[in-house]
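What follows is each chain in one-letter form.
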Amino acid sequence: MAPPVIQTCHVACCPNRSPNVVSWSKRGLIAFGTCHSVALYDPLERTAVAILNGHTSRVNAVQWVHREDCGPETELVSGGSDNSVIVWTNVDGQYPSSEKCIGHTGPVCAVDAVPLDTSQLLIVSTASDSTVKLWLRGDGGKVECLQTLSFGSGFMMDVSLALLPGSGVPILACGGDDSKVHIYIRHNEQFQRVLSLQGHEDWIRGVEWAARDGELLLASCAQDCMIRLWKLFAKAPPEEHIGPGEPALRLKENVFEVAQNGTSSVFAMSLETVLAGHENWVYGVHWHPSYIKDGKVQQPLSLLSASMDKTMILWGPEEDSGVWVEQVRVGEVGGNTLGFYGCQMSPDGSMILAHAFHGALHLWHRNQNQEAEWSPAVVISGHFNAVQDLSWDPEGEFVLSVGSDQTTRLFTPWKRKGCTQPTWHEICRPQIHGYDMQCLAMVGRFQFVSGADEKVLRVFRAPRNFVENFANISASPLELLLASNDTVDLPEGASTPALGLSNKAVFQGDLISQTGKEGDGNYSSVSDQYKESHFQPLTLKAPPPEDHLLQNTLWPEVQKLYGHGFELFCLASDAARTLVASACKATKAEHASILLWSASSWRQLQSLPCHSLTVTQMAFSPDSRLLLAVSRDRTWSLWKRQDPAPDSTEPLFSLYANTSKNTAVHTRIIWSCDWSFDNKYFVTSSRDKKVIVWGHAASGDVVGQGSDPIRPCSSVLDVGDSATAVAFCPFPCPDNSYLLAVGLESGQILLYKWRRGADEIPTDGDWSKGGDTDASQSHTLLVKRLRWRPRAGWAGQAGHQQAQVGQGGPEEEAEEASVAACVQLASAGDDHAVKIFSVNRQALEQQVMSSG
């Protein structure tokens, strides 16, 4: 079987900001909603194994369908802001969307399901339209709405389904804004309310059933910071005589009757206990998953809760007294984040998981030697809003990305001992800002410039602590990293002052002075008493958890660049590390000028006026001689470097070529541009669905050195959708043609080969489609940026780090050849995701030949 052209290496994503959006299956897979998709994550392999795309708006609720025999789940239910519920069924490891339940008129906020038999599935969903709907998937696979429960102007925040012990009658629990838990029983194909449990004093945020020893336990949590446990059991016939004259002491019981098949049974429900330990709203409760032992289903008495006080508590009864007490408390320390939205537990109870308000997953595992101790574990992470821009470092070993979540994140492969395949992780968060991030440009290996929705450019430089930890995690020689010019006089780390936006450098002397003052009550100044630095140097052998990412991995800000009058929009830097170009949002020509900055002195060198509206993207040619800019005004401009004047060492740029309204080929905004590796051509892509390659069509010379004008060298490629991103592969194809990646507004990424024809005038047939991303690989919203890795092979598994061909066996040689044939592509999307793809150039050539 031929290898795939495009293979997904990594997806950086995180859960949506919703309480019921994470679920852990007995297979060990964690399902969570991320933007419009459902991600399936394997915490043991530490990789996302699948992305399920089917919703057209944000996913708010995800729930595995647990089986009564405790077997591995094969179905998953999700609900979203598109007012729909989708059932996903496992078919040979894939999860195609089997049925979509449409009927709600508001966003779905919670779902649950129970199998009634081998073919029927009962589904419940609650939405902001103040209804709870019950759905039945029958034998034919079709889903129909059985019943709609209306709650007037109230909202049900969570729902949970179970089967009554002994009878198999479905029972439904709903918790909402009326502070009551409503219990429904199915009778004559309809659900009827039998109880309304009172006790909570604020909105109920979570409810969940658990079956144990012929009884049902219900846990409910609320914004009153309390958790209440209720017990449902079969009511025995009343005894006529209890004792000699003294009444029996009994808890208050809520009794109801269930009729089935001509017989009736009496059930009672009573309050078991109230758990008080959280100091803020409790958003989620989750029972320890049941399991099979000696042929019987076992349900441990262990309950996990998550709260906005940034803690998770594991509750359980004492062996002697049976009183429920707090057994384990874990949580997040420091930072300016809010608390936890929900919690889950692994099938064997050895790992617990929480997801936070800002999208971060927090995973803890129980230590094998000391079961009372829990330690943070490595887990997937990513942006929780649109990713606006990304860039590879010059060596192609890590990716930096910026997003509308006001963060800059750094992802790199983690090389673990004993693992042949490295996994990608976020190891650093250089910038946590107060404005939405918009753009960035690498200047050298350990320095970058970023722009946000503000008028100031900020320059950041890696601290020594990052370089040391990067060497540990990526298995790179520290001596080589420290020998580069980028690592001279590095501070230890950085911290953000209170109410500040600038990361302040922390040097070794600052750490020593802080250590000396700790525990000393004599303060010479107020600033000594309230220290601004929260940085503590870390020695990392594995990617850090979220709380370390928040405050111990910042990069110091070394420079601010002022000059623009409006919010920054795009950045570019040259390969020689001497220049940075920047542009801001503009509605007039006077604000649409490009500013050039020196990367050594950080002085403003020049203003380049040409465009009349916002410059949307810029790119320096690989030889650093030319600067290309594209704009909202539907034109492009090309600037050429001039030799510096005798009394100056700084280069100046002049306008070399451009299109105007009369000569423009694109009819809509030009979104993206890029250069070919040999400096002969550049490409533009536009909202008009066109992709065009430009150059000296007559001579074929390097751009800027030909005597003939620059004009289209390719036929117009119509990609069928707005082309929001484009990138030339930095390596030639075997037939000396060029490989391009095109990102669409739909989220799909297309691969095309372009080969210049013999004629001066471009003709059809110069474009060949080499592949595209399928539904599971594509982004669900528009592609913001595409960047090819500057080196061939896989990051973290480059050819010079593996056995050389001829020194290993045939399998090693085949693997080495496969790695050398691949090149990686990084993409940023509006769907909050950073994706790393591996493109097999040999498979692409075969695909083009077969389709040709």
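Residues numbered from 1 in each chain as written. Predicted model: local features only at pLDDT ≥ 70, side-chain atom pairs only at ≥ 80, totals over all residues. Heavy atoms only, no water.

Novice: Would you mind going over the overall build of the chain with me for this structure?
Specialist: The helix and strand inventory of the chain stands at 7 helices and 62 strands. Counting only C-alpha atoms and orienting by the principal axes, one finds that the chain spans roughly 115 × 75 × 60 Å. Counting only residues that meet the buried cut, the chain has 56% of its 852 residues in that class. Counting contacts in the chain only where the partners sit at least 6 residues apart, residues at least 24 apart contribute 55% of the total. Taken as a whole, the chain presents about 35400 Å² of accessible surface, with 48% of it coming from carbon and sulfur. (Helix = DSSP H or I, 4+ residues; strand = E, 2+ residues; numbered from the N terminus. Buried < 20%, exposed > 50% of the residue type's maximum accessible area, 1.4 Å probe, protein only. Contact = heavy atoms within 4.5 Å. Areas by Shrake-Rupley, 256 points an atom, 1.4 Å probe, with all protein chains shown as cover.)

Novice: I'm lost on a positive patch on the surface in this one. Help?
Specialist: Together, Arg632, Arg634, Lys661, Arg668 and Arg687 give the surface a local cluster of positive charge. Take Arg668: it is sitting in the loop between strand S50 (652-658) and strand S51 (670-675). (Patch = residues over 30% accessible without salt bridge, like charges linked within 9 Å, V, L, I, M, F, W, Y side chains within 5 Å. Salt bridge = Lys/Arg side-chain N within 4 Å of Asp/Glu carboxyl O. Lys, Arg positive; Asp, Glu negative; His and termini not counted. Charge placed at Lys NZ, Arg CZ, Asp CG, Glu CD.)

Novice: In this structure, what is going on with helix H7 (residues 841-851)? I would like to understand it.
Specialist: One turn of an α-helix holds 3.6 residues; hence residues three or four places apart share an orientation. Taken residue by residue, H7 has Arg841, Ala843, Leu844, Glu845 and Val848 as its buried positions. If you check the start of H7, you find a side-chain oxygen 3.0 Å away from the backbone N of Gln842, and it comes from Asn840. (Polar contact = N/O pair within 3.5 Å; in protein donor to acceptor, adjacent residues only side chain to side chain.)

Novice: Quick question: what am I supposed to make of the sheet that holds strand S22 (residues 263-276) here?
Specialist: Note: strands within a sheet are paired through backbone hydrogen bonds, in either parallel or antiparallel orientation. If you walk across this open sheet you meet the 5 strands as S18-S19-S20-S22-S21, and the pairing is antiparallel. Lying at the two open borders of the sheet, with one neighbouring strand each, are strand S18 (204-212) and strand S21 (254-260). Each neighbouring strand pair of the sheet contributes to a mean axis angle of 25 degrees, computed without reference to strand direction. Of the strand pairs in this sheet, strand S19 (residues 215-222) and strand S20 (residues 226-234) are connected by 6 bridges, and their pairing is antiparallel. Of the residues in S20, the one forming a bridge with Ala219 is Leu229. (Pairing = 2+ DSSP bridges. Axes fitted to C-alpha atoms, helices over the stretch in contact; angles between N-to-C directions.)

Novice: Sorry if this is basic, but what is going on with the pattern of salt bridges here?
Specialist: As a working rule, side chains carrying opposite charge can pair if their charged atoms are close by. For the structure on display, the rule yields 24 salt bridges. Across the pair Glu546 and Arg429 runs a salt bridge whose closest N-O atoms are separated by 2.8 Å. Here Arg429 lies in strand S36 (residues 423-432) and Glu546 lies in helix H5 (residues 546-551), a separation of 117 residues in the sequence. Side by side, Glu546 and Arg429 carry an identical accessibility label, which is buried. Residue Arg458 pairs with Glu557 through a salt bridge whose shortest N-O separation is 3.1 Å.

Novice: In this structure, what is going on with the pairing of strand S16 (residues 181-187)? I would like to understand it.
Specialist: Counting buried positions over the 7 residues of S16 gives 6, a clear majority of the element. Hairpin connection of strand S15 (residues 170-176) to S16: 4 residues between the antiparallel strands, including Ser179 at a positive phi of 65 degrees. Pairing between S16 and strand S17 (residues 190-197): 7 bridges, direction antiparallel. Of the residues in S17, the one forming a bridge with Tyr184 is Arg193. The turn joining S16 and S17, which pair antiparallel and follow one another in sequence, is formed by 2 residues; a positive phi near 55 degrees is taken by Asn188.

Novice: Got a minute to help me understand the side chain of Asp129 in this structure?
Specialist: Following the sequence through the fold, Asp129 ends up in the loop between strand S11 (121-127) and strand S12 (131-137). One buried charge, Asp129, has no salt-bridge partner; the nearest side chain with opposite charge is Lys133, at 5.8 Å. Only 2.7 Å separates the side chain of Asp129 from the side chain of Thr131, close enough to count as a polar contact. Ignoring sequence-local partners within four residues, the contact set of Asp129 consists of His104, Thr105 and Gly106.

Novice: Could you clarify how one ought to interpret helix H1 (residues 464-474) in this entry?
Specialist: Judged by how many residues are buried, H1 sits mostly within the fold: 8 of 11 residues are covered. Among the residues of H1, Asn465, Phe466, Val467, Asn469, Phe470, Ala471, Ile473 and Ser474 are the ones counted as buried. Looking at the buried side of H1, the elements it contacts are strand S35 (407-414), S36 and helix H2 (478-483).

Novice: In this structure, what is going on with the packing of aromatic side chains? I would like to understand it.
Specialist: Aromatic rings in a pair are described by how distant their centres are and how their planes are angled relative to each other. Counting across every chain of the model gives 30 aromatic pairs. Each ring, one from Trp64 and one from Tyr95, has its centre 6.0 Å from the other, and the planes form 70 degrees; the classification is edge-to-face. Residue Trp64 is located in strand S6 (residues 59-64), and its partner Tyr95 is located in the loop between strand S8 (84-89) and strand S9 (97-102); the two are separated by 31 residues in the primary sequence. Tyr95 shares its class with Trp64; the two are buried. A ring pair is formed by Phe256 and Phe267, whose centres lie 6.0 Å apart and whose planes are at 20 degrees; its orientation type is stacked. You can see Phe256 sitting in strand S21 and its partner Phe267 sitting in strand S22, a full 11 residues away along the chain. Take Phe256 and Phe267: they sit in the same class, and that class is buried. Connected via pairs of aromatic rings, a cluster forms that spans Phe398, Phe446, Phe448, Phe460, Phe466, Phe470 and Trp555. Above the face of the Phe233 ring, Lys231 is positioned so that its terminal group lies 5.6 Å from the ring centre. (Phe/Tyr/Trp six-rings, centres within 6.5 Å; stacked < 30°, edge-to-face > 60°. Lys NZ or Arg CZ within 6 Å of the ring centre and 35° of its normal.)

Novice: Would you take a moment to explain unusual backbone geometry for this structure?
Specialist: Most peptide bonds adopt trans geometry, and most residues besides glycine take a negative phi value. Although it is not a glycine, Gln406 adopts a positive phi angle of roughly 70 degrees. Tracing the backbone through its elements, the reader meets Gln406 in the loop between strand S34 (399-403) and S35. In this model, Ala475 sits at a positive phi of 60 degrees, which is unusual for a non-glycine residue. Here Ala475 is to be found in the loop between H1 and H2. Note on Ala475: relative accessible area 46%, which makes it partly exposed.

Novice: Teacher, can you tell me more about the sheet that holds S6 here?
Specialist: Pairing is antiparallel across the open sheet formed by 4 strands, whose spatial order is S6-S7-S8-S9. With partners counted over all chains shown, the strands left at the sheet margins are S6 and S9, one partner each. Averaged over all pairs of adjacent strands, the angle between their axes in this sheet comes to 20 degrees, without regard to strand direction. Note that S8 and S9 share 5 bridges and pair antiparallel. Bridged to Trp88 within S9 is Ser97.

Novice: Sorry if this is basic, but what is going on with the environment of Asn254 here?
Specialist: Here Asn254 is to be found in strand S21. Asn254 sits in the partly exposed class, given a relative accessible area of 23%. For Asn254 and Met269, which are 15 residues apart along the polypeptide, the C-alpha to C-alpha distance reads 5.0 Å. With residues up to four places along the chain from it excluded, the contact list for Asn254 reads Leu195, Leu197, Phe267, Ala268 and Met269.

Novice: Please clarify how the environment of His425 should be interpreted in this entry.
Specialist: You can see His425 is positioned in strand S36. Along the primary structure His425 and Ser130 are separated by 295 residues, whereas in three dimensions their C-alpha atoms are 40 Å apart.

Novice: Would you mind showing me how to read the nonpolar core here?
Specialist: Note on soluble globular proteins: their nonpolar side chains tend to be buried together. In this structure, Phe398, Leu400, Leu410, Ile427, Phe448, Phe466 and Trp555 are the most contacted members of the largest nonpolar core, which totals 26 residues. Elements supplying a minimum of two residues to this core: S34, S35, S36, strand S37 (437-442), strand S38 (447-452) and H1. The element contributing the most residues to this core is H1, with 5 residues. Apart from residues lying up to four places away in sequence, Leu410 is in contact with Phe398, Val399, Leu400, His425, Glu426, Ile427, Cys428, Pro430, Phe466 and Trp555. Among the nonpolar cores identified, the runner-up in size contains 22 residues, and Ala162, Leu164, Trp230 and Leu232 belong to it. (Core = buried A, V, L, I, M, F, W, Y, C linked by side-chain atoms within 4.5 Å.)

Novice: Can you walk me through the confidence of the model for the chain in this structure?
Specialist: Detailed reading of predicted coordinates is not advised where the pLDDT is low. On average, the chain scores 88 in pLDDT, and the residues at 70 or more come to 90%. This model gives residues 526-531 a pLDDT under 50, and the stretch forms 4 contacts once residues within four places in sequence are excluded. Within the model, the stretch residues 799-807 combines pLDDT values under 50 with 10 contacts to residues more than four positions away or in other chains. (pLDDT = per-residue confidence, 0-100.)

Novice: Would you take a moment to explain the side chain of Ser25 for this structure?
Specialist: Within the secondary structure layout, Ser25 lies in the loop between strand S2 (22-24) and strand S3 (30-34). Using a relative accessible area of 1% as the deciding quantity, one classes Ser25 as buried. Apart from the residues lying within four places of it in its own chain, the contact partners of Ser25 are Trp64, Glu73 and Pro347.

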